[in-house]
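Chain residues, written in single-letter form:
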Amino acid sequence: MELNSNQIAEILPHRYPFALVDRITDYEPGQWAKGMKCVSAAEPVFCGHFPQQHIFPGVLILEAMAQVGAIAILSLPENQGKIALFGGVKNARFKRKVIPGDVLEMECVLTKRRGPVGIGECKAMVNGEVACTAELTFAISG
């Protein structure tokens, strides 16, 4: 199943400039999701990070991966209208810079869930090269 930006906005509460997923390329509710972000030089973050050498911030890569994972968990019927909050970040590793013109391809597999708390194993890649990996903990709030 694929979701465009309008369909993503029906599931996630994030709006510009914090809507960091342009498209969900495939997902299975409650299990996993894959998505993409097209990084543009026109994004406001590049006014300060860094003006002379644009690099997409690692914290925003983590947030984009979390939003992909949120699609997986919030697309379950029982979670409609709820939000997924960060509970923690473990083992985050940044392997390459992400710059304007890159297409960030992300995936998040939900590996554990107990009540409203869960864990997702996430990966972000550019042209098949790993840019970031992390284990993200989330909590459903509603």
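This is a predicted model, so every value here is computed, not measured.

About the cut-offs
- Residues numbered from 1 in each chain as written.
- Predicted model: local features only at pLDDT ≥ 70, side-chain atom pairs only at ≥ 80, totals over all residues.
- Heavy atoms only, no water.
- Pairing = 2+ DSSP bridges.
- Helix = DSSP H or I, 4+ residues; strand = E, 2+ residues; numbered from the N terminus.
- Axes fitted to C-alpha atoms, helices over the stretch in contact; angles between N-to-C directions.
- Contact = heavy atoms within 4.5 Å.
- Buried < 20%, exposed > 50% of the residue type's maximum accessible area, 1.4 Å probe, protein only.
- Salt bridge = Lys/Arg side-chain N within 4 Å of Asp/Glu carboxyl O.
- 1 Å grid on protein atoms, 1.4 Å probe; cavity = no way out; pocket = protein on both sides within 12 Å on 5 of 7 lines; lining within 4 Å.
- Points joined across faces, edges and corners; volume = space filled by probe spheres on them.
- Nonpolar A, V, L, I, M, F, W, Y, C, P; charged D, E, K, R; others polar.
- Core = buried A, V, L, I, M, F, W, Y, C linked by side-chain atoms within 4.5 Å.

Asker: Could you clarify how one ought to interpret the sheet that holds strand E1 (residues 23–28) in this entry?
Answerer: Strands pair in a sheet through their backbones, by hydrogen bonds, and they do so in one of two ways: parallel or antiparallel. In spatial order, the strands read E1-E2-E4-E5-E6-E3; together these 6 strands make up an open sheet with antiparallel pairing. Only two strands of the sheet have a single partner each, and these edge strands are E1 and strand E3 (83–94). Averaged over all pairs of adjacent strands, the angle between their axes in this sheet comes to 20°, without regard to strand direction. Each of E1, strand E2 (32–38), E3, strand E4 (103–114), strand E5 (117–126) and strand E6 (129–141) is contacted by helix H2 (residues 58–74), which is oriented at about 55° to E4, the strand it contacts most.

Asker: How should I be thinking about the pairing of E1 in this particular structure?
Answerer: If a strand is regular, its side chains alternate between the two faces of the sheet. As judged from the 5 bridges shared by E1 and E2, these two strands associate in the antiparallel manner. Bridging across to E2, Tyr27 finds its partner in Ala33. Two successive antiparallel strands, E1 and E2, enclose a turn made up of 3 residues, where Gly30 displays a positive phi of approximately 80°.

Asker: For this particular structure, what's the right way to read the environment of Ile8?
Answerer: Position of Ile8 among the secondary structure elements: in helix H1 (residues 5–11). Classification of Ile8 by relative accessible area gives buried; the value is 6%. Residues Ile8 and Pro29, spaced 21 residues apart in sequence, show a C-alpha to C-alpha distance of 13 Å. Excluding residues that lie within four positions of it along the chain, Ile8 makes contacts with Leu3, Val21, Asp22, Arg23, Ile24 and Ile71.

Asker: So what exactly am I meant to see when it comes to the pattern of salt bridges here?
Answerer: Once the charged atoms of two side chains with opposite charge are near each other, the side chains can pair. One pass over the full model with this rule turns up 4 salt bridges. The salt bridge involving Lys37 is made with Glu43; its shortest N-O contact spans 3.2 Å. Neither Lys37 nor Glu43 differs from the other in exposure class; each is buried. Residues Arg96 and Asp102 are paired through a salt bridge, measuring 3.3 Å at the closest nitrogen-oxygen approach. When its relative accessible area of 11% is taken as the criterion, Asp102 is described as buried.

Asker: Quick question: what am I supposed to make of the layout of surface pockets here?
Answerer: Left-over empty space is what a probe sized like a water molecule reveals as it rolls over the atoms. In this structure, the largest pocket occupies an estimated 250 Å³ of space. In terms of lining, the largest pocket is formed by 20 residues, of which the most central are Ala66, Ala70, Ala84, Leu85 and Phe86. Mapped onto the lining of the largest pocket, the elements with two or more residues apiece are H2, E3, E4, E5 and E6. Ranked by residues supplied to the lining of the largest pocket, first place goes to H2 with 7 residues. Partitioned by chemical class, the residues of the lining of the largest pocket number 14 nonpolar, 5 polar and 1 charged.

Asker: I would appreciate a short explanation of the nonpolar core in the present structure.
Answerer: Inside soluble globular proteins, nonpolar side chains tend to come together where they are buried. Counting 37 residues, the largest nonpolar core has Ile24, Met65, Ile71, Val98, Leu104 and Met106 as its most contacted members. Counting only elements with at least two residues in this core, the list comes to E1, H2, E4, E5 and E6. Counting residues per element, this core draws most heavily on H2, at 11 residues. If we skip the residues at most four places from it in the chain, Leu104 touches Gly35, Met36, Lys37, Ile61, Val98, Ala124, Met125, Val126 and Ala131.

Asker: Explain the pairing of E4 to me, please; I cannot follow it from the model alone.
Answerer: As paired strands, E2 and E4 are joined by 7 bridges and run antiparallel to one another. Within the sheet, the bridge partner assigned to Gly35 lies in E4 and is Met106. Two elements, E4 and E5, share 9 bridges in a ladder whose sense is antiparallel. By the bridge assignment for E5, Glu107 is matched with Lys123. Following E4, the chain reverses through 2 residues before pairing antiparallel with E5; Gly115 in that reversal takes a positive phi of roughly 60°.

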